[in-house]
Each structure stands twice: as structure tokens, then as C-alpha cells.
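Report on the structure
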Amino acid sequence: MHWKSQPLDGNVMMPQVEDEEGWKKFCLGEKLYLNSSLILPDGECENPGVDYIKVGFPPLLSIVSRMSQATVTSVLEYLINWLGTKDFSPELGRWFYALLACLEKPLLPEGHSLIRQLARCCSEVRSRMESKEEEKLSALNLLICLVGRYFDQRDLADS
């Protein structure tokens with residue numbers, strides 16, 4: 001059975017394509033979006049469920065398979081804009097990886113521009129790292145490698 005024919009859970013409400021802030025909240029969660037720590041009210045510390053509104057929806061196949069190429073490039077642009085002003089996070093890395101996996105080759109010029117911008121942003125973040133032992137290093141290296149090797153942007157690849 002095709003993934004797109006599977007219904008999404010009722011709690012998954014994907015934002016409109018042009019809703020940049022909505023996509024940032026959807027992907028990264030209100031906690032990261034608002035740059036706040038998650039403080040649970042009394043009695044909620046042992047909640048067995050995950051509140052995806054607070055922590056962000058993971059880039060599940062059931063979600064990303066429903067995204068058109070226009071949506072993929074728009075969300076990629078929104079998250080690259082986020083990376084330009086905030087710090088790299090595991091949530092952001094997972095979404096970048098999933099969105100790159102959804103990009104269809106050959107890329108349109110806008111797609112080329114976006115993935116090149118992503119690789120440059122990742123290189124910038126990597127160059128500012130104080131320790132090469134930080135856990136985000138491998139994620140940044142992977143994204144740079146994907147852009148450079150898979151998408152044939154060899155000038156941006158590490159040699």
C-alpha cells in the first residue's frame with residue numbers, strides 16, 4: 001500500500017505552505033521555537049505520551065511523503081532561515097536530512113540555491129564549534145557531504 005494513501009493521525013495538522021512560522025513550530029516544536037525550557041505543571045512529570053506540539057513532529061515518512069516539491073523547498077528554506085539565526089539542533093538535523101531525501105533530481109535552480117545555502121550554513125556552524133567532539137559535528141558533516149556528493153555540489157564538499 002502506498003504511504004500517501006495512509007491517513008495521518010488526527011493530531012497531525014500540517015501548516016499551509018506559506019506559513020513559515022507555523023512550519024518552524026511544527027518541525028521544531030514550541031519549546032525550541034520559543035527558545036524556552038519545557039517546564040511541566042505539577043502532576044505532569046510522568047506523562048507517558050509525547051506532546052508533539054511542544055517538542056515538534058519528527059519527519060515521519062507518513063508526513064514527508066505527503067509534501068509536494070514546492071512544500072519541501074519552502075520548508076527547507078524556512079529551516080535554513082532558522083539555522084541562520086539560531087543554533088543547530090538534533091531536530092533540525094533530522095528535518096534537513098528528511099527534506100534532502102525528498103528532493104527530486106534534477107533540481108530546479110531554487111533547489112540548487114537552497115542546498116548550497118544549507119551546506120554553507122552547516123560549514124559556518126561547524127567552524128564556530130569549540131570542540132571537534134561535539135555530537136552535532138557528525139550531523140553537520142553528513143549534511144555537507146550529502147549536498148556536496150549526492151547533489152553534485154563538489155565545490156562545497158570536504159576534500
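Preceding block: the structure.
Residues numbered from 1 in each chain as written. Predicted model: local features only at pLDDT ≥ 70, side-chain atom pairs only at ≥ 80, totals over all residues. Heavy atoms only, no water.

Let's talk about the packing of helix H6 (residues 109-127) against helix H7 (residues 136-150)
Contact geometry of H6 with H7 gives a least axis separation of 9 Å together with a crossing angle of 150 degrees. Between H6 and H7, the angle falls in the class roughly antiparallel. The hand of the H6/H7 crossing is left-handed. Within the contact between the two elements, H6 uses Ile 115, Arg 116, Ala 119, Cys 122, Ser 123, Val 125 and Arg 126 and H7 uses Leu 137, Leu 140, Asn 141, Leu 143, Ile 144 and Val 147. (Axes fitted to C-alpha atoms, helices over the stretch in contact; angles between N-to-C directions. Helix = DSSP H or I, 4+ residues; strand = E, 2+ residues; numbered from the N terminus. Parallel < 35°, antiparallel > 145°, perpendicular 65-115°, else oblique. Left-handed = near helix turned anticlockwise from the far one by under 90°. Contact = heavy atoms within 4.5 Å.)

Some thoughts on the side chain of Lys 136
Here Lys 136 shows up in helix H7. Given a relative accessible area of 16%, Lys 136 falls into the buried group. A polar contact is formed between the side chain of Lys 136 and the side chain of Asp 87, at a distance of 3.1 Å. With near-sequence residues (within four places) excluded, Lys 136 lies in contact with Asp 87, Phe 88 and Met 129. (Buried < 20%, exposed > 50% of the residue type's maximum accessible area, 1.4 Å probe, protein only. Polar contact = N/O pair within 3.5 Å; in protein donor to acceptor, adjacent residues only side chain to side chain.)

Some points on helix H1 (residues 20-33)
Between its first and last C-alpha, H1 extends only 12 Å over 14 residues, short of the 20 Å set by a 1.5 Å rise per residue. In the structure, H1 departs most strongly from a straight axis at Cys 27, where the bend amounts to approximately 85 degrees. When we look at burial in H1, the residues that qualify are Gly 22, Trp 23, Lys 24, Phe 26, Cys 27, Leu 28, Gly 29 and Tyr 33. In the stretch just after H1, Asn 35 is the one whose phi turns positive, near 55 degrees. (Expected span 1.5 Å × (residues − 1). Bend = angle between axes of the 7 residues up to and from the residue.)

A few points about the pattern of salt bridges
As enumerated under the stated definition, the model contains nine salt bridges in all. In this structure, Lys 54 engages Asp 51 in a salt bridge whose closest nitrogen and oxygen atoms are separated by 3.3 Å. Lys 54 sits in the partly exposed class, given a relative accessible area of 28%. Accessibility expressed as a relative area gives 33% for Asp 51, which makes it partly exposed. Among the salt bridges present, the one from Asp 155 reaches Arg 116, with a minimum N-O distance of 2.7 Å. Taken together, the residues span a long stretch of sequence, with Asp 155 in the segment after H7 and Arg 116 in helix H6 at a distance of 39 residues. (Salt bridge = Lys/Arg side-chain N within 4 Å of Asp/Glu carboxyl O.)

What about the nonpolar core?
Counting 43 residues, the largest nonpolar core has Leu 76, Leu 79, Leu 83, Trp 95 and Phe 96 as its most contacted members. Elements that contribute at least two residues to this core include exactly H1, helix H3 (61-64), helix H4 (69-85), helix H5 (90-102), H6 and H7. At eight residues, H4 tops the list of elements feeding residues into this core. (Core = buried A, V, L, I, M, F, W, Y, C linked by side-chain atoms within 4.5 Å.)

So, the packing of aromatic side chains
Between two aromatic rings, the relevant description is the distance of the centres plus the angle of the planes. Under the criterion given, the structure shown has six aromatic pairs. Aromatic side chains Phe 26 and Phe 57 sit 4.5 Å apart centroid to centroid with 20 degrees between the ring planes, which places their arrangement in the stacked category. In this pair, Phe 26 sits in helix H1 while Phe 57 sits in the loop between helix H2 (52-55) and H3, placing the two residues 31 residues apart along the sequence. With centroids separated by 5.3 Å and ring planes inclined at 25 degrees, the aromatic side chains of Tyr 52 and Phe 57 adopt a geometry described as stacked. Its guanidinium or amino end placed over the ring of Trp 82, Lys 86 lies 5.4 Å from that ring's centre, counting from NZ or CZ. The ring of Tyr 150 is capped by Lys 105, whose NZ or CZ atom sits 4.1 Å from the centre of that ring. (Phe/Tyr/Trp six-rings, centres within 6.5 Å; stacked < 30°, edge-to-face > 60°. Lys NZ or Arg CZ within 6 Å of the ring centre and 35° of its normal.)

Remember, this is a structural readout, not a statement about activity or role.
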